[in-house]
Amino acid sequence: MDEAYKKQAEARLEGATGCAPWEIAVITGVIFVSVALRRGVFLKIPEAVWYTSWVMLGVNTGSPAMAAAVAAAYTITSATYKSNETPPASEGFLPWLVPFRAVLMLYTIYCILAVDFSFFPEMHMKTDTYGQSLMDIGVGAFVFSHGVVMGHKVQTGHALRKWSRTSLPLAVCGVVRVMLVKALNYHEHLEEYGVHWNFFFTLAVLPGGLYILKGPPLQVTVALLSIPHFIWLQTTGTGYMLAAERHSLVDQNKEGLFSIPGFLTIFVLGCLYRRMRSKGRVLFVVFSVCLYTVLSLWVSPASRRLCNAPYVWLVASLCSATLLSLSLLPDRLCCAPFLKSVSDKSLLIFLVANLLTGGVNLTFQTLSVPTHLAHVILTCYMAASVYLGTKIPLKL
C-alpha cells in the first residue's frame, strides 16, 4: 500500500469520540425490528436482501428516524406476541440467540469495510480512548454472544476440546493477519490492539482463560476477573495503557494483552446470561444498566481501549436487553433459514470478510471512491462474504 495513502487512512481513524449510548441502543434495536417485521407482504423480499438492507439502514440512517422505527416495531410486537419462557441452558438450543448472532455478524462485516470509505459516519468509528460507538460495542457484543454460545459447555471437560477446536484456527488467523498487514504495509490503528495483537488472538484466548479459572461459580469468576482489573486501572493501569512508550513486546501490545481481563469478564457474563431463566434475565438487564450508569457518571467514561468496567457493563446491558427483546418473538421468526445459516457459520463469514476487506483496500483507494460506487462495492462484498462463508464445508 502506498505510504502516503496509508498515513491518510490511519489519520482518518484517529480522534473519533463516538456517540451517546441511546444512539447505539437504537441501532442494536434494528436487530429486533428486522426480525419482528419479517411477515406478511415482507415475506416476498428475499431474506438476505431484507436483513442486509436493515443493517445498512441502521448504520446510515439518522438516529431519530431509526428510533421512531424501532419504537413502532416494539409497540406492534408487544401487542401481538406473548413472551416465551425459554428453557434452561442445559436444554441446549436457544432460538432467540440465532438472529442476534446473525444480524450482529452482518453489522460487523459491513462496518469493517464501510469504515474505510469517506461516507461512513464518524460517530460509528472505534473511539481513540474514551467514549462508545457502534464499532466499539460490536467488538464486545461479539465476545458476549460467544459466551452465550459456550455458556453450557464451560467449566467441563468438553470445554477444553471445544476450546482447542475453535481457538487454534483463530490463533492461526491472527498470526496470518499480522504477517499480511506487515508485508503489505496495510494501514492499522495501533491504539486498537497494539503492534502485533489483533481481535483473532483475543477470541482465541477467551474460552481457554475461563477453563483455567474452572471451579468457582460464574458469579465469583466475574468478581475475580473484574475487581483486580478495576483496581489496577484506577491506580497505575490507565496511565500505563495511555502513556507508556512501546519498548518491550508487552508494551507494544499492551492494549490487546491488558484488555483480556475485561473481555474475559464480558465472555463470562454471556455464559451467565445463558444459564438464567426469563425473570433472571430481566433482573440482569436492570442490574447492568444501573451499574453502567453509576460507573460512567462517578468513575470514568467507557473505554474499549482499556476495556474498563463502564465499557464491560455497557456491552452487557445492550446485549442482554436486545436478547431479552428477541425472546418475545416466536421461534419461527428467530430461526429463519438465512439467519440460522449465518449464525451457524458466523466465524467463517468473519474470516472471509476480513480477506475480502483487505482485497478491496488493496485494489481501491477507498477514501477517494464516490459514495454511489462505494455502496455498490459494499453490496457485492456483503453478498460474497455471506455466500462464501456459508458454503465453506467447515464449522468453527
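**Some remarks on the overall build of the protein**
Check the secondary structure of the protein and you find 19 helices and zero strands. Among the 396 residues that make up the protein, the fraction classed as buried is 55%. Considering only contacts within the protein whose residues lie at least 6 apart along the sequence, 83% involve residues at least 24 apart. As displayed, the protein has an accessible area near 16,300 Å², and 69% of this comes from carbon and sulfur atoms.

**Side note on a nonpolar patch on the surface**
Nonpolar side chains collect at one region of the surface, where Leu 168, Val 172, Val 176, Leu 180, Leu 184, Leu 355 and Leu 362 lie side by side and expose about 620 Å² of accessible area between them. Going through the elements one at a time, helix 7 (157–183) and helix 18 (346–363) are the ones with two or more residues in the nonpolar patch. In terms of residues, the nonpolar patch owes the most to one element, helix 7, which gives four residues. Relative to the helices and strands, Leu 168 resides in helix 7. Leu 168 gets classed as exposed once you look at its relative accessible area, which sits at 56%.

**Here we look at the side chain of Arg 304**
Looking at the element boundaries, Arg 304 is found in the loop between helix 14 (278–298) and helix 15 (309–326). Judged by its relative accessible area of 2%, Arg 304 is buried. One polar contact links Arg 304 to Asp 136, side chain to side chain, over a distance of 2.6 Å. If we skip the residues at most four places from it in the chain, Arg 304 touches Lys 126, Thr 127, Thr 129, Asp 136, Val 139, Glu 191, Glu 192 and Tyr 311.

**Re the side chain of Thr 390**
Looking at where Thr 390 falls in the secondary structure, it is placed in helix 19 (residues 371–391). A residue is classified by how much of its surface remains accessible, and Thr 390, at 18% relative accessible area, is buried. For Thr 390, the side chain forms a polar contact with the main-chain oxygen of Tyr 387, separated by 3.1 Å. Non-local contacts of Thr 390, meaning those with residues more than four positions away in its chain, are made with Ser 341, Val 342, Lys 345 and Ile 349.

**Quick notes on the pattern of salt bridges**
Under the defined criterion, the tally for this structure stands at six salt bridges. Between Arg 246 and Glu 255 there is a salt bridge; the shortest N-O distance is 2.7 Å. Each member of the salt-bridge network shares a partner with another, and the members are Arg 246, Glu 255 and Arg 305.

**Describing the nonpolar core**
Of all hydrophobic cores here, the largest spans 110 residues; its most connected members are Tyr 110 and Phe 144. Here this core takes 14 residues from helix 5 (residues 97–114), the largest share from any one element. Residue contacts for Tyr 110: discarding those within four places in its chain leaves Val 55, Met 56, Val 59, Asn 60, Phe 119, His 375, Leu 378, Tyr 381 and Met 382.

**Description of helix 19**
Taking 1.5 Å per residue as the helical rise, helix 19 with its 21 residues ought to reach 30 Å, and the 30 Å between its terminal C-alpha atoms agrees with that figure. Residues Ala 374, Ile 377, Leu 378, Tyr 381, Met 382, Ser 385, Val 386, Gly 389 and Thr 390 constitute the buried set of helix 19.

**Topic: the packing of aromatic side chains**
Summed over all chains, the structure comprises 18 aromatic pairs. Centroid distance Phe 200 to Phe 350: 5.4 Å. Interplanar angle 50°. Geometry classified as tilted. Here Phe 200 is found in helix 9 (residues 199–212), whereas its partner Phe 350 is found in helix 18, with 150 residues between them in sequence. Accessibility classification places Phe 200 together with Phe 350 in one group, the buried group. Ring centres 5.5 Å apart and planes at 80° place the aromatic pair Phe 287 and Trp 313 in the edge-to-face group. Pair noted here: Phe 287 is in helix 14 and Trp 313 is in helix 15, with a separation of 26 residues, a long-range link. Given the relative accessible area of 10%, Trp 313 is considered buried. Following the ring pairs from residue to residue traces out a cluster consisting of Phe 142, Tyr 193, Phe 199, Phe 200 and Phe 350. A cation sits over an aromatic face here: Lys 254 above Tyr 240, 5.6 Å from the ring centre. Its end group placed over the ring of Tyr 273, Arg 281 keeps NZ or CZ at 5.4 Å from the ring centre.

**Some points on the packing of helix 3 (residues 47–60) against helix 5**
Interaxial distance between helix 3 and helix 5 falls to 10 Å at its minimum, and their mutual angle equals 60°. Taken together, the axis directions place helix 3 and helix 5 in an arrangement best described as oblique. Considering only the axes of helix 3 and helix 5, their crossing is right-handed. Residues Tyr 51, Thr 52, Trp 54, Val 55, Met 56, Gly 58, Val 59 and Asn 60 of helix 3 pack against Val 103, Leu 106, Tyr 107, Tyr 110 and Cys 111 of helix 5.

**Considering the environment of Ala 141**
Counting through the fold element by element, Ala 141 comes out in helix 6 (residues 134–149). Judged by relative accessible area, Ala 141 falls into the buried class, the value being 5%. Not counting residues within four places of it along the chain, the set of residues in contact with Ala 141 comprises Phe 100, Leu 104, Val 315 and Cys 319.

**Quick notes on the confidence of the model for the protein**
When pLDDT is averaged along the protein, the result is 87, and 86% of the positions lie at 70 or above. Confidence drops under a pLDDT of 50 for residues 85–90, and excluding neighbours within four residues, the segment shows 14 contacts in the predicted structure.

Definitions and cut-offs
Residues numbered from 1 in each chain as written. Predicted model: local features only at pLDDT ≥ 70, side-chain atom pairs only at ≥ 80, totals over all residues. Heavy atoms only, no water. Helix = DSSP H or I, 4+ residues; strand = E, 2+ residues; numbered from the N terminus. Buried < 20%, exposed > 50% of the residue type's maximum accessible area, 1.4 Å probe, protein only. Contact = heavy atoms within 4.5 Å. Areas by Shrake-Rupley, 256 points an atom, 1.4 Å probe, with all protein chains shown as cover. Patch = residues over 30% accessible without salt bridge, like charges linked within 9 Å, V, L, I, M, F, W, Y side chains within 5 Å. Salt bridge = Lys/Arg side-chain N within 4 Å of Asp/Glu carboxyl O. Polar contact = N/O pair within 3.5 Å; in protein donor to acceptor, adjacent residues only side chain to side chain. Core = buried A, V, L, I, M, F, W, Y, C linked by side-chain atoms within 4.5 Å. Expected span 1.5 Å × (residues − 1). Phe/Tyr/Trp six-rings, centres within 6.5 Å; stacked < 30°, edge-to-face > 60°. Lys NZ or Arg CZ within 6 Å of the ring centre and 35° of its normal. Axes fitted to C-alpha atoms, helices over the stretch in contact; angles between N-to-C directions. Parallel < 35°, antiparallel > 145°, perpendicular 65-115°, else oblique. Left-handed = near helix turned anticlockwise from the far one by under 90°. pLDDT = per-residue confidence, 0-100.

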